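Architecture at a glance
The lines below spell out each chain.
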Amino acid sequence: MSLAYFALIVSIVSASALEIAGAKFGAQLGTMAAALSLLAATASARKADYDHYVRATSWGRWIPIAIPLFIAAQLTPLPLSFAHPIWASTHDALGGLPFGPITADIGLTVSALLLALAAISLLGVTILVVRNRSRAELVLFVLSGVTAVSALMLDLHRLSPALAATVPADLTATMAGLGLMLNLAVMQLAAERAETHHSVLRSVAIGLCGLMGTLASALAVFGLSGTNSAIAASFGIVLILLILVIRRLDLSPLAAGALSAAALIGAAIVLSFLFEKGSGPVLLRLVPDVGAETRAALERMLTDTRWFGAGAGTFAAVGRIYQSDVGAALTAPSTATAVFAGMGWIGLAAALAVSSIALLRLFFGALQRGRDSFFPAAAAACVLFALVQSFAGPGLLRPAAILCLAVIVGLGLSQSVSQSGSR
């Protein structure tokens, strides 16, 4: 598993660092490293690794495959009644065959398919690689470091643009939210090491690194990223605290269920309030103000979207048809909007279902895990943050964020079921 582990680290670091730096080939390099890690893991996997993978994905190992299968279906010729209304109108005007691909741009959808396959590959490889606890810790350190650096770049850009002239604000804000949860997990790791009589000096050093990453991420999320991003991060923090309280107080199943239900009701009330504050389509209620003309164009685009969408990854291509200003490109204001426009109600429902199932699996895994519960707890908090953040900004459309989130979920799932004998 050494080569798979090395390729996994390369995929995380290269995709994140290069994309933040503005390089165009960061996603391609990350995807290639993901493919290499999958090949290496497949070649070196043993029966014990396979059994571990089966236990970790018992919640539904075939569910994530639904998304790339749906994207692949958009590339196959289907009746135009399933496609975007634009293609039916074009057929009525010009004639031709009454069927074709659903997607508006085959190249963009193929790229989205490759990215989805790379994310699923990294999730599976991570489950196998971090079965060993020492590797799980190292992957956690890499993830927390990468996301903390992303948050620091946003801090420097907003506080002193001369130090960081240009950074992708949507990506760094999302990475900062993930970094906040991961660095809190690093601090819990340091506390756990101190409690189990590890080296005090090393535990303090790890804790200080986690504290600095937490502070940098918290400044980026709560001070520089907008109200909705701060609320999304708050949900993640509350989830971590909820798991910690249930475990530390050793609550009975009834008490834990009541406390979890109360937290769920509170979250539902807050989300209902946020969505009711806005107006127009639900998918546009949490996004920042985009101007009246742009909002009208987005509403027309969402209204025309069918059950199967216009093709994964084609938001910008289809947006050119709706934009009122020829010189200005219509960009996705949030991840949920782009997923809906590209994959329709079916794709958006599938993405939300996969995320919700993973969240529940990680939550219960954290409650059952024991002293290593901070791994699945942090992963669950990251998934919850991503769910809420997907309605407020487009950061999760970036390949770096997608690949990092896939590794985070794989880390949480793997350490939800690891046993002392396998470390």
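Counting restarts for each chain: residues are numbered from 1 in the order of the written sequence. Thresholds applied to this predicted model are a pLDDT of at least 70 for local features of residues and 80 or more for the giving and counting of side-chain atom pairs; totals over whole chains, interfaces and linings are not thresholded and use all residues. Working from all heavy atoms in the structure, the side-chain values ignore hydrogens and water.

As annotated in an unreviewed UniProt entry, the protein carries the name O-antigen ligase domain-containing protein and is attributed to Bradyrhizobium ottawaense.

In this description, a line fitted to the C-alpha atoms serves as the axis of each element, helices being fitted only across the stretch in contact, and the angle between N-to-C directions of two axes falls anywhere from 0 to 180 degrees. Per the convention used, a helix needs a DSSP run of H or I reaching at least four residues, while a strand needs a run of E reaching at least two, with both numbered from the N terminus. As a packed pair, helix α1 (residues 2-20) and helix α6 (residues 106-129) sit with axes 10 Å apart at the nearest point and diverge in direction by 130°. The angle between the axes of α1 and α6 places the two elements in the oblique class. Read as a crossing pair, α1 and α6 show a hand that is left-handed. Counting all contacts with α1, which are made through Ala4, Tyr5, Leu8 and Ser11, the residues of α6 involved are Leu122, Val125, Thr126 and Val129. Comment on the angle field: the value is read as roughly parallel under 35 degrees, roughly antiparallel over 145, roughly perpendicular from 65 to 115, and oblique elsewhere. Helix crossings fall into two classes, left-handed where the near helix is turned counterclockwise from the far one by less than a right angle and right-handed where it is turned clockwise. The contact criterion used is simple: two residues touch if any of their non-hydrogen atoms lie within 4.5 Å.

Turning to the pattern of salt bridges, a few remarks are in order. Salt bridges, as used here, are contacts in which a Lys or Arg side-chain nitrogen is within 4 Å of a carboxyl oxygen on Asp or Glu. Counted according to the given criterion, the structure contains ten salt bridges. The salt bridge partner of arginine 398 is glutamate 19, with a shortest N-O separation of 3.7 Å. Of the two residues, arginine 398 sits in the loop between α15 (374-389) and α16 (399-417) while glutamate 19 sits in helix α1, which places them 379 residues apart along the sequence. Judged by relative accessible area, which is 10%, glutamate 19 ranks as buried. Where aspartate 372 meets arginine 133, a salt bridge forms, and the shortest distance between an N and an O atom there is 2.7 Å. Here arginine 133 lies in helix α7 (residues 133-159) and aspartate 372 lies in the loop between α14 (335-369) and α15, a separation of 239 residues in the sequence. Each residue is placed in one exposure class: buried if its accessible area under a 1.4 Å probe, protein chains only, is under 20% of its type's maximum, exposed if it is over 50%, and partly exposed if it falls in between. A relative accessible area of 0% means that aspartate 372 is categorised as buried. For arginine 133, a relative accessible area of 11% gives the class buried.

This part is about α14. Over its 35 residues, α14 extends only 32 Å from the first C-alpha to the last, a length that falls short of the 51 Å expected when each residue adds 1.5 Å. Following α14 by one or two positions, glycine 370 adopts a phi angle in the positive range, close to 105°. Helix span, as expected, comes to 1.5 Å for every residue beyond the first.

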